[in-house]
Amino acid sequence: MKKIYLSIALLAAVTSTIAQQKSPAPQELNYKADLKATGTSEDKIKRIDSLLQSFIDQKKASSIVGFVAKGGNVVYNKAFGYKDVENKVPAAVDDYYILFSQTKAVTTVAFMTLVEKGLVSVDDPVSKYFPEISDKVATVIKEDGTFETRPVKTPMTFAHLMSHSSGISAGLVGKARRVEMEKKSAAATSGATPPAGPGQRTGGAGTAKYLKDEMIALAKYPLGFDPGSEWSYHISTNMLAYMVELISGKSLREYVKSTVLDPLGMTETDWYYESSKMNRFVKAYSDIDGKLVPQSNKFSETTISPVQTYAEGAIGLNGPIGDYAKFCQMLLNKGEYNGKRILKPETIELMTKVNRLPTENSGGKGFQFGLGFELYNAEKKPVPEVSNTAFAWGGLYGTDYIIDPENNMIVLFYLNMPKHEPMYKPFLSKAYQLFK
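All of these numbers come straight from a predicted model, not from anything done at the bench.

Enquirer: Help me understand the nonpolar core in this model?
Expert: Where a protein is soluble and globular, its nonpolar side chains tend to be buried together. Grouped together as the largest cluster of nonpolar side chains are 81 residues, with contacts concentrated most on Phe111, Phe158, Met239, Tyr324, Phe327, Ile410 and Leu412. Of the residues forming this core, the biggest block, eight residues, is contributed by helix α11 (residues 321-332). Discounting chain neighbours no more than four positions away, the residues touching Leu412 are Val65, Gly66, Phe67, Ile321, Tyr324, Ala325, Cys328, Asp400, Tyr401 and Phe427. If you look at the next biggest cluster of nonpolar residues, it comprises 32 residues, including Ile45, Ala392, Phe413 and Phe427.

Enquirer: What should I look at first to understand the pairing of strand β15 (residues 409-414) in this one?
Expert: In regular strands, side chains alternate between the two faces of the sheet. Burial analysis of β15 places six of its six residues in the buried class, which makes it a mostly covered element. On β15, burial covers both faces: Met409, Val411 and Phe413 on one face and Ile410, Leu412 and Tyr414 on the other are all buried. Two strands pair when backbone bridges link them, and strand β1 (residues 63-70) and β15 are joined in this way by six bridges, in the antiparallel orientation. When the sheet's bridge partners are listed, Val68 is paired in β15 with Val411.

Enquirer: In this structure, what is going on with the environment of Leu350? I would like to understand it.
Expert: Relative to the helices and strands, Leu350 is located in helix α12 (residues 345-352). Leu350 gets classed as partly exposed once you look at its relative accessible area, which sits at 30%. Taking the C-alpha atoms as reference, Leu350 lies 8.0 Å from Gly370; in sequence the two are 20 residues apart. Apart from residues lying up to four places away in sequence, Leu350 is in contact with Met112, Val122, Arg356 and Leu371.

Enquirer: Hey, could you run me through helix α7 (residues 211-218) in this one?
Expert: It helps to recall that an α-helix has 3.6 residues per turn; residues three or four apart then point in one direction. Considered for burial, the residues of α7 that qualify are Leu211, Met215 and Leu218. In an axial view of α7, the angular spread of the buried residues amounts to 60°, which keeps them on one side of the axis.

Enquirer: Even after reading the chapter, I still don't get the packing of helix α3 (residues 42-57) against helix α13 (residues 424-433), so can you show me in this structure?
Expert: At a minimum axis separation of 9 Å, α3 and α13 run at an interaxial angle of 170°. Between α3 and α13, the angle falls in the class roughly antiparallel. Packed against α3, whose contacting residues are Lys44, Arg47, Ile48, Leu51, Leu52 and Phe55, the element α13 presents Pro426, Phe427, Lys430, Ala431 and Gln433 at the interface. Considered class by class, the residues forming the contact of α3 with α13 number seven nonpolar, one polar and three charged.

Enquirer: Before we go on, may I ask you to explain the layout of surface pockets in this structure?
Expert: If you roll a probe as big as a water molecule over the atoms, it shows you where there is empty space left. The computed volume of the second largest pocket comes to approximately 500 Å³. Together, 22 residues line the second largest pocket, and Gly394, Thr399, Asp400, Tyr424 and Lys425 are the ones closest to its centre. For the lining of the second largest pocket, the elements supplying multiple residues, two or more each, are β13 (391-394) and α13. Considered class by class, the residues forming the lining of the second largest pocket number 10 nonpolar, six polar and six charged.

Enquirer: Where do I start with the pattern of salt bridges in this structure?
Expert: Should their charged atoms come close, side chains of opposite charge can pair. Summed over all chains, the structure comprises 15 salt bridges. Residue Arg201 pairs with Glu214 through a salt bridge whose shortest N-O separation is 3.8 Å. Remark: Glu214 occurs in helix α7 and Arg201 occurs in the loop between α6 (171-190) and α7; sequence separation between them is 13 residues. By sharing partners, the salt bridges in this structure join Asp94, Glu268 and Arg280 into a single network.

Enquirer: Hey, could you run me through α11 in this one?
Expert: Across its 12 residues, α11 extends 16 Å between first and last C-alpha, which sits within 8% of the 16 Å expected from 1.5 Å per residue. Summarising burial for α11: 11 of the 12 residues are buried, a large majority. The complete set of buried residues in α11 reads Ile321, Gly322, Asp323, Tyr324, Ala325, Phe327, Cys328, Gln329, Met330, Leu331 and Leu332. Two residues or fewer after α11 comes Lys334, characterised by a positive phi angle close to 60°.

Enquirer: I keep staring at the packing of aromatic side chains and nothing clicks. Help me out?
Expert: The geometry of an aromatic ring pair comes down to the distance between the two centres and the angle between the two planes. Throughout the structure, instances matching the rule amount to 24 aromatic pairs. On the basis of an interplanar angle of 75° and a centroid distance of 4.9 Å, the ring pair of Phe100 and Phe299 is categorised as edge-to-face. Of this pair, Phe100 sits in the loop between β4 (97-98) and α4 (102-116) while Phe299 sits in helix α10 (residues 298-301), placing them 199 residues apart in sequence. The pair Phe100 / Phe299 is uniform in exposure class, with both members buried. Taken together, a centroid distance of 6.1 Å and an interplanar angle of 35° make the contact between Phe367 and Phe369 tilted. We note that Phe367, like Phe369, is buried. Grouping aromatic residues by their ring pairs yields a cluster made of Trp231, Tyr233, Phe367, Phe369 and Trp393. The side chain of Lys70 reaches across the aromatic face of Phe435, ending 5.2 Å from its centre.

Conventions we followed
All residue numbers here refer to positions counted from 1 along the written sequence of the relevant chain. Selection of residues for local features in this predicted model requires a pLDDT of at least 70, selection of side-chain atom pairs for listing and counting requires 80 or more, and totals for whole chains, interfaces and linings are taken over all residues. Derived side-chain values reflect all non-hydrogen atoms in the structure, with water molecules and hydrogen atoms excluded from consideration. Buried Ala, Val, Leu, Ile, Met, Phe, Trp, Tyr and Cys residues that are joined via side-chain atoms within 4.5 Å together make up what is termed a nonpolar core. Exposure is judged per residue with a 1.4 Å probe applied to protein chains only, and the accessible area is read against the type maximum: over 50% gives exposed, under 20% gives buried, and values in between give partly exposed. Think of it this way: any DSSP run of H or I at least four residues long counts as a helix, any run of E at least two long counts as a strand, and we number them from the N terminus. Contacts were defined at the residue level, with two residues in contact if any of their heavy atoms lie within 4.5 Å. Two strands form a pair only when DSSP identifies at least two bridges running between them. Throughout, the arc means the angular range of directions from the helix axis out to the C-beta atoms. Note on geometry: axes are lines fitted to C-alpha atoms, helical ones only across the stretch in contact, with angles between N-to-C directions running from 0 to 180 degrees. For classification purposes, an angle smaller than 35 degrees is called roughly parallel, one larger than 145 roughly antiparallel, one from 65 to 115 roughly perpendicular, and anything else oblique. Residues are grouped as follows: Ala, Val, Leu, Ile, Met, Phe, Trp, Tyr, Cys and Pro are nonpolar; Asp, Glu, Lys and Arg are charged; every other residue, Gly included, is polar. Every definition here rests on a 1 Å grid over the protein atoms only: cavities are sets of points where a 1.4 Å probe fits but cannot get out, pockets are open sets enclosed by protein on both sides within 12 Å along at least five of seven lines, and lining residues have some atom within 4 Å of a point. Grid points are joined across faces, edges and corners, and a volume is the space filled by probe spheres set on the points. Salt bridge, as applied in this entry: a Lys or Arg side-chain nitrogen positioned within 4 Å of an Asp or Glu carboxyl oxygen. Between the first and last residue of a helix there are one fewer steps than residues, each counted as 1.5 Å, and that sum is the expected span. Only the six-membered ring of Trp is used, alongside the rings of Phe and Tyr, when aromatic pairs are assigned; centres must lie within 6.5 Å, and planes under 30 degrees apart are stacked while those over 60 apart are edge-to-face, with the rest tilted. Definition used: whenever NZ (Lys) or CZ (Arg) falls within 6 Å of the ring centre and also within 35 degrees of the ring normal, the charge is taken to sit over that ring.

Structure (structure tokens):
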């Protein structure tokens, strides 16, 4: 009898252990969360309300949207200010924002689906798929604009592209290319050349119909440093996007929509829209000497075009905060959302747990970057409340997001302002204090 009882007890213990080891079901965003059950209160919510409204009242911001979810429970999702200040059109949570570099993470996730399909490895040399990519590092710029070069010490890999350590358009080469782009942009503004083509474009200039045209031209330049030896931001993700097209055999827009946006239900996030969607965009303003000054809306206007072939991987996506929150929650869920698996948990770990940069780099003390995201740590994070395992990035006009697995949280903060005072960090602190 004792043996039977012992067997039953042992079985129960094993069953309990297995149950404890099972991962919890992936969390979907719940907009009807009970505040008390999530560990916060109306008083704490009001503190964030007061902070964001103060930014509007002080003319520091034209419009703001804040979003906080813990364990998939949305505890904060509010808009403040005006999406059109002159006409007093109130801001709303479903307004469209220019996401700029928030596009990069989406492109990176799309590329990693190709990795999971076995079509490519993160450590493969880029030249395996794109032989034209440079294997030389610039050492001197000559007066005629040409370069003296030396061979690279290590070949460029896809991990280098995703961590912005590829050397593309960096150092001496980056300076030379910026001068070229400034000349093109000035010529376009003066009317000396046709205006830039449709779609958001790095540098605001260029008439290429397809991204591949610009990447093939870019590949003719040497690298600015040895791949993996330094950090130089931005253009690497455009090259990654072209690699998505080469390897998948589809356009970037088509592949990203079919593998990431559509499965996640991000139906309003895109590079291009029908003209009827123009009124969904928040207008751009800058804080100049304490006043809100209207800015060009060219980045939203270029999303309306009959020609929709050009799409960058580094910038170009737009949409409402709730759409991108689904993307963030998918990452927090280790690759799954809405019953759809985008990436495996081990792939998310590979992207967000391994620093790909040398200890000393141009990002500053403690700056780390994985595959597509900055990795926060004890030496560098935006506010003390953020855990040392959180990862994040943002966009040029003031959009920011953070995924914090240790605290089971996602936080997003949206502005549409080329020039603005720092407002994200105070909001982020208040977001974490919701649960203290």
